[in-house]
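A structural walkthrough
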Amino acid sequence: MVAEFKRASPSKGALNPAMNVAEQGRAFVRGGAQAISVLTEPTEFGGSIDDLVRMADTVAVPILKKDFHVDPVQVWEAASAGASALLLIVRALGPDGSRRMFDAAGEAGVEVLAEVRDEWELEWALEAGARVVGVNRRNLETLAMEDEVHSRILPLVPRELLAIAESGIETRMDVEAVAASGADAVLVGSALSLAEDCEAAVRALTGVPRKGR
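So, a few notes on the structure that sits alongside this text. (Residues numbered from 1 in each chain as written. Predicted model: local features only at pLDDT ≥ 70, side-chain atom pairs only at ≥ 80, totals over all residues. Heavy atoms only, no water.)

What about the packing of helix α1 (residues 21-31) against helix α3 (residues 49-58)?
Direction vectors running N to C along α1 and α3 enclose 50 degrees, while the axes themselves pass 9 Å from each other. In terms of orientation, α1 lies oblique with respect to α3. For the element pair α1 and α3, the recorded crossing hand is right-handed. Between α1, through V21, A22, G25 and R26, and α3, the contact on the second element is made entirely by D51, R54, M55 and T58. Here the contact of α1 with α3 is composed, by residue class, of three nonpolar, two polar and three charged. (Axes fitted to C-alpha atoms, helices over the stretch in contact; angles between N-to-C directions. Helix = DSSP H or I, 4+ residues; strand = E, 2+ residues; numbered from the N terminus. Parallel < 35°, antiparallel > 145°, perpendicular 65-115°, else oblique. Left-handed = near helix turned anticlockwise from the far one by under 90°. Contact = heavy atoms within 4.5 Å. Nonpolar A, V, L, I, M, F, W, Y, C, P; charged D, E, K, R; others polar.)

Notes on helix α5 (residues 90-108)
The end-to-end C-alpha distance of α5 is 19 Å, clearly below the 27 Å that 19 residues give at a rise of 1.5 Å each. At D96, α5 shows its strongest bend, of approximately 85 degrees. Taken as a whole, α5 has its buried residues at V90, L93, G94, G97, S98, M101, F102, A104, A105 and A108. Here the buried face of α5 lies against α4 (72-81), β6 (85-89), β7 (111-116) and α6 (119-128). (Expected span 1.5 Å × (residues − 1). Bend = angle between axes of the 7 residues up to and from the residue. Buried < 20%, exposed > 50% of the residue type's maximum accessible area, 1.4 Å probe, protein only.)

Topic: the packing of aromatic side chains
Using the criterion set out here, one finds one aromatic pair in the structure. Considering the side-chain rings of F45 and F68, the 6.4 Å spacing of their centres and the 50 degrees angle between planes classify their relative orientation as tilted. Taken together, the residues F45 in helix α2 (residues 42-45) and F68 in the loop between β5 (63-66) and α4 connect sequence positions 23 residues apart. Since its relative accessible area comes to 14%, F45 is described here as buried. Residue F68 is classed as partly exposed on the basis of its relative accessible area of 46%. (Phe/Tyr/Trp six-rings, centres within 6.5 Å; stacked < 30°, edge-to-face > 60°.)

A look at the sheet that holds strand β1 (residues 2-5)
The strand order β1-β4-β5-β6-β7-β8-β9-β10 describes a closed barrel built from eight strands, whose pairing is parallel. Across this sheet, the average inter-strand angle for adjacent strands is 25 degrees, counted without regard to direction. Here strand β9 (residues 162-166) runs beside strand β10 (residues 185-188); their pairing, made up of three bridges, is parallel. Among the inter-strand pairings, A165 is bridged to a residue of β10, identified as V186. Packed onto the sheet, α5 meets β6 and β7 and runs at close to 150 degrees relative to β6. (Pairing = 2+ DSSP bridges.)

Written as structure tokens, this is what we have:
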């Protein structure tokens, strides 16, 4: 599981603005998270680079910088802040922009989570050299969930790559459903931000084996 440190979201507003980075990060790891995503976008998500730096200083698991990355300078910023990986929204970059950002990530020594929602975006991600693919069922234009996206796109991710299901994962049943479609992991944000005991919430969503692909 990738556990996400998220103070707010465009769809739900403020979630937990007063979250403590170190406390939340340690709880994520105790619960079994294998990586942690940190929102650094300030306007819609209430995040900051400082949150990322503090998280990287606190835990030993890989850290994903999640933001709207469109320029190679942001790749180097992620690396200097301690990120192991960063999110690239393939839809926003297109095929040429995706290749340019993947090239920059390779130079900076940062892994890429290539986020896709349809077959064309998956093709662009694979052409750019993606090794980790996130399948997001939230429509970023309308913010609505498109329930069929996980079941349609996850099986298309080549088996040798890591496939991560994103958005709307709240229960173990949700995890089991995307695992059946071929997800190797899930990225969970809002449900953990709202949980009274985030360590227990993480533990409840881990340990589900992949069944598809």
